[in-house]
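Secondary and tertiary structure notes
Residues per chain are reported as follows:
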Amino acid sequence: MTRKEEVFERVEKSILDFDGDKAVEVAKEAINSGVEPVEVIERGVRKALETVGKKYETGELFIIHLAAAGEAANRAINEVLKPEIEKKGEEIHFTGKVLIGTVAGDIHEIGKTIVSAMLLASGFEVTDLGKDVPIETFVREVKEQNPDILGMSALLSTTIPVQKDVIEALQKEGLRDKVKVMVGGAPVTQEWAEEIGADAYGVDAVDAMKKARKLVGA
Ligand code: B12
């Protein structure tokens with residue numbers, strides 16, 4: 001196992017142990033040893049959360065474990081990894097404006113927060129509307145802020161359809177042609193994005209950044 005892999009494994013283990021203090025500590029160590037923050041997220045944090053999700057599905061873990069793992073992950077991200085990503089973005093020029101949020105009925109915010117940080121770091125001006133964002137709020141904010149891109153995250157099979165509802169609401173208000181729509185979240189696929197007429201789908205934060213840049217021609 002390489003040193004890098006060892007670091008990812010330690011980050012993963014801290015979250016699987018629901019140990020927020022440890023997660024923060026090993027995330028700091030990872031950064032100090034020169035590992036990219038986004039790599040720590042994708043190969044350590046996200047991997048751990050996927051495992052927790054699978055164990056929840058098979059009944060091995062319960063909702064309290066999802067919450068505890070989410071909390072540990074959030075601490076490593078908010079206290080160490082997100083500021084680190086944002087720091088790297090300070091010298092980059094502004095390339096466009098993004099509005100992003102997790103759709104109504106859905107309180108999963110970790111992935112959306114990572115995508116926001118990545119976009120910010122790659123030069124976008126980002127307004128994060130948070131989680132459980134009502135359809136009307138997306139529409140109102142697009143109208144008022146006139147962003148280049150609207151990003152929507154959804155993690156539940158019951159909330160993915162809301163991405164479609166928002167696109168339809170934008171259409172109704174005559175706003176659909178004024179903004180590019182990008183969708184994501186673990187259960188979202190390229191096929192779904194095409195089906196609902198979104199302009200782009202991002203499988204992870206790096207992909208989201210690349211697609212966003214393409215959308216604004218940067
Ligand atoms: C942590 C977690 C929670 C935490 C969330 C804490 C928080 N502050 O966010 C809590 C405890 C609140 C929670 C609650 C629930 N959860 Co939950 N949760 C998870 C878990 C384990 C991890 C999610 C996560 O953060 N992943 C890590 C991030 C980094 O990944 P990500 O979100 O996919 O984001 C990446 C990409 O998708 C992409 N991306 C994300 N957003 C966007 C947006 C754009 C625009 C783009 C381009 C890209 C993009 O980039 C991100 C970075 O790489 C998942 C399991 C899993 N496999 O995902 C279950 C999971 C999503 N939850 C699930 C369920 C069922 C629930 C509950 C309904 C449980 C319950 N009975 O109450 C509730 C729902 C509450 C609600 N109304 O929203 C199911 C969903 C099943 C389904 N298909 O519908 C899952 C899949 C677990 C499972 N296997 O059963 N959960």
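Here the structure is a predicted model, which is why all the values come from computation and not from measurement. (Residues numbered from 1 in each chain as written. Predicted model: local features only at pLDDT ≥ 70, side-chain atom pairs only at ≥ 80, totals over all residues. Heavy atoms only, no water.)

1. Focus: unusual backbone geometry
Here is the rule we go by: Starting at the N terminus, helices and strands are each numbered in turn, a helix being any DSSP run of H or I of at least four residues and a strand any DSSP run of E of at least two. Note on classification: 1.4 Å probe, protein chains only; a residue is buried when its accessible area is under 20% of the maximum for its type, exposed when over 50%, partly exposed between these limits.
Although it is not a glycine, Phe18 sits at a positive phi angle of roughly 60 degrees. With respect to the helices and strands, Phe18 occurs in the loop between helix H1 (3-16) and helix H2 (20-32). The partly exposed category is assigned to Phe18, whose relative accessible area is 28%. You will see that Asp132, though not glycine, has its phi angle at about 50 degrees, which is positive. Looking at where Asp132 falls in the secondary structure, it is placed in the loop between strand S2 (124-128) and helix H6 (135-145).

2. Observations regarding the site of the ligand
Which entries qualify depends on this criterion: Here a residue is considered near a molecule or strand provided that any single heavy atom belonging to it is located within 4 Å of it. Identification of polar contacts relies on pairs of N or O atoms within 3.5 Å, with a donor-acceptor requirement for protein atoms, meaning one able to donate a hydrogen and the other able to accept it, and with residues adjacent in sequence counted only if both atoms are side-chain atoms. Every definition here rests on a 1 Å grid over the protein atoms only: cavities are sets of points where a 1.4 Å probe fits but cannot get out, pockets are open sets enclosed by protein on both sides within 12 Å along at least five of seven lines, and lining residues have some atom within 4 Å of a point. By definition, a pocket or cavity contains a molecule when more than half of the molecule's atoms lie within 2 Å of the pocket's grid points. Each residue receives one of three labels: charged for Asp, Glu, Lys and Arg, nonpolar for Ala, Val, Leu, Ile, Met, Phe, Trp, Tyr, Cys and Pro, and polar for the others, Gly being one of them.
Taken together, 36 residues form the shell around the ligand, and within it Glu42, Glu57, Ile107, His108 and Ser153 come nearest. A distance of 2.7 Å separates a nitrogen atom of the ligand from a polar side-chain atom of His108. Within the backbone of Ala205, a nitrogen or oxygen atom sits 3.3 Å from an oxygen atom of the ligand. Applying the majority rule of atoms within 2 Å of the grid points places the ligand in the largest pocket. Taken together, the elements giving at least two residues each to the shell around the ligand come down to helix H3 (37-57), helix H4 (63-88), helix H5 (110-121), strand S3 (149-153), strand S4 (180-184) and helix H9 (205-215). Top element by residues in the shell around the ligand is H3. It accounts for 7 residues. Looking at the shell around the ligand residue by residue, the classes come out as 18 nonpolar, 11 polar and 7 charged.

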